[in-house]
Amino acid sequence: MGFLGLALASYAQTDPSASTAAGGAVANWMGAPGAWAAERMLFLFGPASALILPLIYFEARRLWVLAEDDDDDGELGPAPRWWRLLGLLALAMTLLGTVLALTFDTPGGTLPASMGGLAGLFGAKAIGAFAGLLPVPAQGWTILGLALVCLAGAAVLAGRVFPLEWRALLRASTRLRPAGSSPARD
C-alpha cells in the first residue's frame, strides 16, 4: 500500500512506462517499478485509482486482526471475498472516472488518459453516444443526469466496499493504550 501510494503521489509524465518512450532518469520515488505501476493505474482509472489504497489497508487490517484474535468472536463480521470487493471497487472507480471524464473533457494535463482514465473515457463516450440519440435540447440534461447517476452509483459502491466499522474502530483505540492505563473519563 505504501509503495503504491508513494508511486502514485510521485507520478511524472516523463518517466519511462508503457505510455511513453522516455528514457533516462526516473523521477518516481519508487523507481522504474513505481513509474510503471502508477502509469498503469492512472491510465486505467485516472485519479480515482487511489481508491485501491484504502482497500489494501482494510484487507490487511482484517488479516492482522484475524491473526491476532485467536478466539474469533466475529468482531469484523464475515469476510467478503477479496475478488468481489475488487470488482465492486473497479466498477466504482469506472463510474467516478466517467464523471471526471465528463467534467474535465478538454485534453491536456499530465495524466496518461485524462482525468477519467481509459475506463472513464469509455463511460463518458457511452453516455455521449446515448445522449446523441436524443433531441438536441435534451442532450445536455441527459448527460448531467447520467453523470449524477454515475456519481451516486460510485458513492454507493464505494460505501459497500468500505463500510465503516465504528465499533471495531472504537475498540481499536483501546488496544493502542499502554497496558494498565485506563481511559480518561469526564
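For clarity, every value in this text was computed on a predicted model and none was experimentally measured. (Residues numbered from 1 in each chain as written. Predicted model: local features only at pLDDT ≥ 70, side-chain atom pairs only at ≥ 80, totals over all residues. Heavy atoms only, no water.)

1. Quick look at the overall build of the protein
The helix and strand tally for the protein stands at seven helices and zero strands. When the helices and strands of the protein are placed in sequence order, the string is α-α-α-α-α-α-α. Taking all 186 residues of the protein together, the buried fraction comes to 32%. Sequence separation of at least 24 residues holds for 62% of the intrachain contacts in the protein that already meet a minimum separation of 6. (Helix = DSSP H or I, 4+ residues; strand = E, 2+ residues; numbered from the N terminus. Buried < 20%, exposed > 50% of the residue type's maximum accessible area, 1.4 Å probe, protein only. Contact = heavy atoms within 4.5 Å.)

2. A short note on the confidence of the model for the protein
When pLDDT is averaged along the protein, the result is 84; 80% of the residues meet or exceed 70. Per-element averaging of pLDDT across the protein places helix α7 (residues 166-175) at the bottom with 59 and helix α5 (residues 117-132) at the top with 95. (pLDDT = per-residue confidence, 0-100.)

3. Overview of the nonpolar core
Core analysis: the largest hydrophobic core is formed by 27 residues, its most contacted members being L8, I52, L55, L89, V161 and F162. Secondary structure elements with two or more residues in this core: α1 (2-9), α2 (31-45), α3 (52-68), α4 (82-103), α5 and α6 (136-161). Among the elements that take part in this core, α4 stands out by supplying seven residues, more than any other. Leave out the neighbours within four places in its chain, and L8 touches A38, M41, L42, S49, A50 and L53. (Core = buried A, V, L, I, M, F, W, Y, C linked by side-chain atoms within 4.5 Å.)

4. Topic: α1
Regarding α1, the residues found buried are L4, A7 and L8. Across the axial projection of α1, the buried residues extend over an arc of 95°, all falling on one side. Buried residues along α1 sit in contact with α2 and α3. (Arc of directions from axis to C-beta.)

5. Notes on the packing of aromatic side chains
Working definition: an aromatic ring pair is given by the centre-to-centre distance plus the angle between the planes. For the structure on display, the rule yields two aromatic pairs. Each member of the aromatic cluster is reached from another via a ring pair, and the members are Y57, F58 and F162. (Phe/Tyr/Trp six-rings, centres within 6.5 Å; stacked < 30°, edge-to-face > 60°.)

6. Notes on α3
Between its first and last C-alpha atoms α3 spans 24 Å; for 17 residues at 1.5 Å apiece the expected length is 24 Å, and the two agree. What α3 keeps buried is the set I52, L53, L55, R61, R62 and V65. (Expected span 1.5 Å × (residues − 1).)

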